[in-house]
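Secondary and tertiary structure notes
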Amino acid sequence: MPTGVHLRDVRGQLFHAAERVLLRDGPNALTSRAVTTEADVAKGVLHRHFADFDDFLAELVRNRLARLADQAALLQAAAGTRSVTENLVNTLIELFDPVTTALTSLIFFRDELRTRLRGEKGLPILSEAQEMLRTYLSAEREQGRIAPNAELSALAVALIGAAHLIFAGRPRQSLPNPTELEKMVTTVMADPLQRRLL
């Protein structure tokens, strides 16, 4: 392992290495040694920048949550464009990319990480994703594209839960058939989309 090598964006390099390990070997293989080996740095590099491995993992998840905030802004701006179903399908495909899907598994099974990340909102990533969809559906409802009495929080939970099951059931790095996802979104959204016409 190289030592004494100047690394510019050490945190970013370690995050990218962790993502590669997640994609290639899955959440069970993600250890501090696997990350530093993948990043081609000495093991001590990780511990110079993070209190411990769970601190590193928490920052990795927070880094992913920052991307999710950007995605939420784009989705909000998409309200009133294309079809509601198309917007939701595209968002879910982007949301549940292979890295995010692997991170949600890691959060489920790593108690210390979950404890560090959990606020009053519930499970990180999935809770933020649920709020992103609820906010988007609210904007669509204001534009009359969803029934005025649609239960938005329940719809968001159903969409996130069903999509997570679809994506998590796939081999690493593979995406579901878009038709399967579209069928699920169409089914979940059928009632609120049809009732807006009544």
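Fair warning: this is a prediction, and the values are worked out from it, not measured in the lab. (Residues numbered from 1 in each chain as written. Predicted model: local features only at pLDDT ≥ 70, side-chain atom pairs only at ≥ 80, totals over all residues. Heavy atoms only, no water.)

Re the overall build of the protein
Looking only at helices and strands, the protein has 10 helices and zero strands in total. Across the protein, helices and strands are ordered from the amino to the carboxyl terminus as α-α-α-α-α-α-α-α-α-α. Oriented by its inertia axes, the alpha-carbon framework of the protein measures out at about 70 × 30 × 30 Å. Counting all 198 residues of the protein, 44% fall into the buried class. The contacts of the protein with a sequence gap of at least 6 include a subset with a gap of at least 24, amounting to 68%. Accessible surface for the protein amounts to roughly 10200 Å². Of this, 52% is attributable to carbon and sulfur atoms. (Helix = DSSP H or I, 4+ residues; strand = E, 2+ residues; numbered from the N terminus. Buried < 20%, exposed > 50% of the residue type's maximum accessible area, 1.4 Å probe, protein only. Contact = heavy atoms within 4.5 Å. Areas by Shrake-Rupley, 256 points an atom, 1.4 Å probe, with all protein chains shown as cover.)

Details of the environment of R33
Relative to the assigned elements, R33 resides in helix α2 (residues 32–39). Separated by 68 residues in the primary sequence, R33 and T101 place their C-alpha atoms 22 Å from one another.

Quick word on the nonpolar core
Formed by 62 residues in total, the largest nonpolar core has its most connected members in L14, F56, L92, L137 and M189. Considering every element that reaches this core, the biggest residue donor is helix α4 (residues 53–78), with nine residues. Residues within four places of L14 in sequence aside, it is in contact with V35, T36, A39, V41, V45, L46, F50 and F56. (Core = buried A, V, L, I, M, F, W, Y, C linked by side-chain atoms within 4.5 Å.)

A word on the confidence of the model for the protein
Across the protein, the average pLDDT comes to 88, with 91% of residues at or above 70. Taken element by element, the protein is modelled with least confidence in helix α7 (residues 111–117), mean pLDDT 84, and with most confidence in α2, mean pLDDT 96. The low-confidence segment residues 1–6 (pLDDT under 50) makes nine contacts with residues lying over four places distant or belonging to another chain. (pLDDT = per-residue confidence, 0-100.)

Notes on the environment of R114
Looking at where R114 falls in the secondary structure, it is placed in helix α7. In this structure the C-alpha to C-alpha distance between R114 and P192, which are 78 residues apart in sequence, comes to 34 Å. Residues contacting R114, with those up to four places away along its chain left out, are I107, F108, F109 and L123.

Here we look at the packing of aromatic side chains
Tallied over the full model, the rule gives five aromatic pairs. Seen in terms of ring centroids, F15 and F56 are 5.5 Å apart; in terms of plane orientation they differ by 35°. Their pairing is tilted. Pair noted here: F15 is in helix α1 (residues 10–25) and F56 is in helix α4, with a separation of 41 residues, a long-range link. Side by side, F15 and F56 carry an identical accessibility label, which is buried. Between F53 and F56, the aromatic rings sit 5.7 Å apart at their centres with planes inclined by 20°, giving stacked as the arrangement. (Phe/Tyr/Trp six-rings, centres within 6.5 Å; stacked < 30°, edge-to-face > 60°.)

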